[in-house]
Amino acid sequence: IVQWTPFFQTYKKQRYPWVQLAGHQGNFKAGPDQGTILKKLCAKEEKCFKILMRDVLRPYVPEYKGIITSDDKECSYIQLQDLLGDFISPCVMDCKIGVRTYLEEELAKAKEKPKLRKDMYEKMCQIDQHAPSEEEHKLKGVTKPRYMVWRETISSTATLGFRIEGIRNVDGTSSKDFKTTKTKEQIIAAFEKFTEGFPHAIPKYIQRLKAIKATLETSNFFETHEVIGSSLLFVHDRYNANVWLIDFAKTVVLPENIKITHSSKWKVGNHEDGYLVGVNNLIKIFMTMLEH
Ligand code: ATP
Ligand code: MG
Ligand code: MG
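Quick caveat, the model's predicted, so the values are computed rather than measured.

1. Comments concerning the packing of helix 2 (residues 104–112) against helix 5 (residues 144–151)
Piece 1. Relative orientation of the contacting elements helix 2 and helix 5 amounts to 145°, with a least axis distance of 8 Å. Taking contact as the criterion, the partners of Glu-106, Leu-107, Ala-110 and Lys-111 in helix 2 are, on helix 5, Lys-144, Pro-145, Met-148 and Val-149.
Piece 2. Broken down by class, the residue content of the contact of helix 2 with helix 5 amounts to five nonpolar, no polar and three charged.

Shown next as structure tokens:
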């Protein structure tokens, strides 16, 4: 009996260990072409990549190569440039940008039937016994919107406008253990470990971040979108260092007649995402590291 394998399942072996620092394991696989990866299709994200391929931001995002559907039509993927492709044993860091990581509509939905959640209360207590109010302690429950807003304050998200999602170090070990990495000092310690032995990476990261910032300021895509849950992916090896914008699954077009600065304070309903707060703080922090 001859077993037929759909051709695109015979992936070429990657020349280097690919690493995924966030998201569900099942959302990614190696692409059919060398130097590409497949990410599970999300209509919102695909739309963003299409626009980005014609935006000034194009050099700062992975190249989008279209949709691929499995032969059984069960599953569709977007094919993206593998950003690790040109590196040798790369160190990788995912920083999620913005002062919040949920959409306005997700918060609004959570507010519709705000019942008390015991599970969220318990998660809150595990991290900080003093986080719940007296009332919440009495009720042994918190509402989901309350939990969502609080959760952004345990990391650096609410204060610095970014948080570390994951790091893959030079020794091959990786960590996603940054949920409560909050202060500038804690961030610097993590960045120092990440760049240890690669001092050339820091000025390259600064230069690239500055170019990203300048390009964001002229981008039509950035002007018209609320960028939530998106990351900057930092990659370096012995020779090179670079940064790209990734993950647009939660990036949405701003409602008509709403303009945002991406740096003003977020208040419920004003759609500010704090993206530039994060970029500016990243630049500042890497520059501080240069002085040491
Ligand atoms: P989440 O929403 O939980 O952040 P996700 O499923 O939307 O996850 P992404 O954030 O897009 O997935 O990517 C997850 C990880 O996969 C990244 O942290 C990075 O390590 C890796 N990754 C994503 N896109 C690329 C790419 N184009 N090249 C190389 N690595 C990538
Ligand atoms: Mg992500
Ligand atoms: Mg995502």
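2. Side note on the layout of surface pockets
Piece 1. Computed from the structure, the largest pocket encloses a volume of approximately 1,300 Å³.
Piece 2. Taken together, 47 residues make up the lining of the largest pocket; nearest its centre are Ala-22, Gly-23, Lys-96, Glu-165 and Asp-247.
Piece 3. Of all elements in the fold, only strand 2 (36–40), helix 1 (43–52), strand 4 (76–81), strand 5 (91–97), helix 2, helix 3 (118–127), helix 5 and strand 6 (162–168) reach the threshold of two or more residues within the lining of the largest pocket.
Piece 4. The element best represented in the lining of the largest pocket is helix 5, accounting for four residues.

3. Quick look at the coordination of the magnesium ion (ligand 3)
Piece 1. Taken together, Asp-247 (OD) and Asp-247 (OD) make up the full set of protein donors to the magnesium ion (ligand 3), lying 2.3 to 2.5 Å away.
Piece 2. A separation of 3.8 Å is found between the magnesium ion (ligand 3) and the magnesium ion (ligand 2), both of which receive a donor from Asp-247.
Piece 3. For Asp-247, the position within the fold is in the loop between strand 10 (241–246) and strand 11 (251–253).

4. A look at helix 5
Think of an α-helix as turning once every 3.6 residues; residues three or four places apart then point the same way.
Piece 1. Buried residues of helix 5: Pro-145, Tyr-147, Met-148 and Trp-150, and no others.
Piece 2. Where helix 5 is buried, its residues contact helix 2 and helix 3.

5. Quick notes on the confidence of the model for the chain
Piece 1. The share of residues in the chain with pLDDT of 70 or more is 95%, and the mean pLDDT across the chain is 93.
Piece 2. Ignoring residues within four places in sequence, the model shows residues 5–13, a span with pLDDT below 50, making 14 contacts including any to other chains.
Piece 3. Interface predicted TM-score (ipTM) for the complex: 0.99; the corresponding pTM is 0.93.

6. A few points about unusual backbone geometry
Piece 1. Even without glycine at this site, Lys-140 takes up a positive phi of about 55°.
Piece 2. Tracing the backbone shows Lys-140 in the loop between helix 4 (134–139) and helix 5.
Piece 3. Positive phi values are uncommon outside glycine, yet Asp-247 reaches one of about 65°.
Piece 4. Asp-247 sits in the partly exposed class, given a relative accessible area of 23%.

Quick notes on the rules
- Residues numbered from 1 in each chain as written.
- Chains lettered and ligands numbered in written order.
- Predicted model: local features only at pLDDT ≥ 70, side-chain atom pairs only at ≥ 80, totals over all residues.
- Heavy atoms only, no water.
- Axes fitted to C-alpha atoms, helices over the stretch in contact; angles between N-to-C directions.
- Helix = DSSP H or I, 4+ residues; strand = E, 2+ residues; numbered from the N terminus.
- Contact = heavy atoms within 4.5 Å.
- Nonpolar A, V, L, I, M, F, W, Y, C, P; charged D, E, K, R; others polar.
- 1 Å grid on protein atoms, 1.4 Å probe; cavity = no way out; pocket = protein on both sides within 12 Å on 5 of 7 lines; lining within 4 Å.
- Points joined across faces, edges and corners; volume = space filled by probe spheres on them.
- Donors = N, O, S within 2.8 Å, 3.2 Å for Na, K, Ca; no water.
- Buried < 20%, exposed > 50% of the residue type's maximum accessible area, 1.4 Å probe, protein only.
- pLDDT = per-residue confidence, 0-100.

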